[in-house]
Amino acid sequence: VVGILPGSDEGEANDHCTVVVPTGIGFARNAVNVLSADIIVAVGGKAGTLSELAYAWIYGKPVICCTFAEGWSRMVPQLRIDDRRGSRIYTAGTVEEACRHLRAQLER
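Residues numbered from 1 in each chain as written. Predicted model: local features only at pLDDT ≥ 70, side-chain atom pairs only at ≥ 80, totals over all residues. Heavy atoms only, no water.

**Quick notes on the overall build of the protein chain**
The secondary structure content of the protein chain amounts to four helices and five strands. Listed by position from the N terminus, the elements making up the protein chain come as β-β-α-β-α-β-α-β-α. Taken over the C-alpha atoms alone, the protein chain extends approximately 35 × 30 × 30 Å along its principal axes. For the protein chain, restricting intrachain contacts to residue pairs at least 6 apart in sequence, the fraction spanning at least 24 positions comes to 48%. (Helix = DSSP H or I, 4+ residues; strand = E, 2+ residues; numbered from the N terminus. Contact = heavy atoms within 4.5 Å.)

**Some words on the sheet that holds strand S4 (residues 63–66)**
With parallel pairing, the three strands of this open sheet are ordered in space as S3-S4-S5. Two strands close off the open sheet at either side, each with one partner strand: strand S3 (40–43) and strand S5 (89–92). Adjacent strand axes in the sheet meet at a mean angle of 20° when their direction is disregarded. When S3 meets S4, the two strands line up parallel, connected through four bridges. Residue pairing across strands places Ile40 opposite Val63, the latter belonging to S4. The sheet strands contacting helix H4 (residues 95–107) are S3, S4 and S5, and the helix crosses S5 at an angle near 150°. (Pairing = 2+ DSSP bridges. Axes fitted to C-alpha atoms, helices over the stretch in contact; angles between N-to-C directions.)

**Focus on the pairing of S3**
Burial of S3 is one-sided: the residues Ile40 and Ala42 facing one way are buried, the residues Val41 and Val43 facing the other way are not. In this view, the connection linking S3 to its parallel neighbour S4 by way of helix H2 (residues 47–59) has right-handed handedness. (Buried < 20%, exposed > 50% of the residue type's maximum accessible area, 1.4 Å probe, protein only. Right-handed = clockwise from strand over helix to strand, strands pointing away.)

**Things to note about the side chain of Lys61**
Structurally, Lys61 can be placed in the loop between H2 and S4. The buried charged residue Lys61 lacks any salt bridge, with Asp38 as its nearest oppositely charged partner at 5.1 Å. For Lys61, the contacting residues outside a window of four places in its chain are Val34, Leu35, Ala37, Asp38, Ile40, Ala56, Ser87 and Arg88. (Lys, Arg positive; Asp, Glu negative; His and termini not counted. Salt bridge = Lys/Arg side-chain N within 4 Å of Asp/Glu carboxyl O.)

If you want it as structure tokens, here you go:
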């Protein structure tokens, strides 16, 4: 698990991170998160997740929105963000469905 941190302190990473990248660039790291990923999976989310979803849309990254969680992952699939081609947005009502979408995207 790669943790791309907003701060410059490696100690801010959670215990699940096996590789830690402290950026020191705050929420601007959300662009790094999206650009370094092949697929974006949104689970719930607040303002930071919303910015990552917007970057994913702009850069055409496939997005799996977990609609079983509260927050932006539930709301974004119902919105037309703008008139760009944007990303492909998939919805998942369960963890299993999210995993199926993820496997299908990885096989492409």
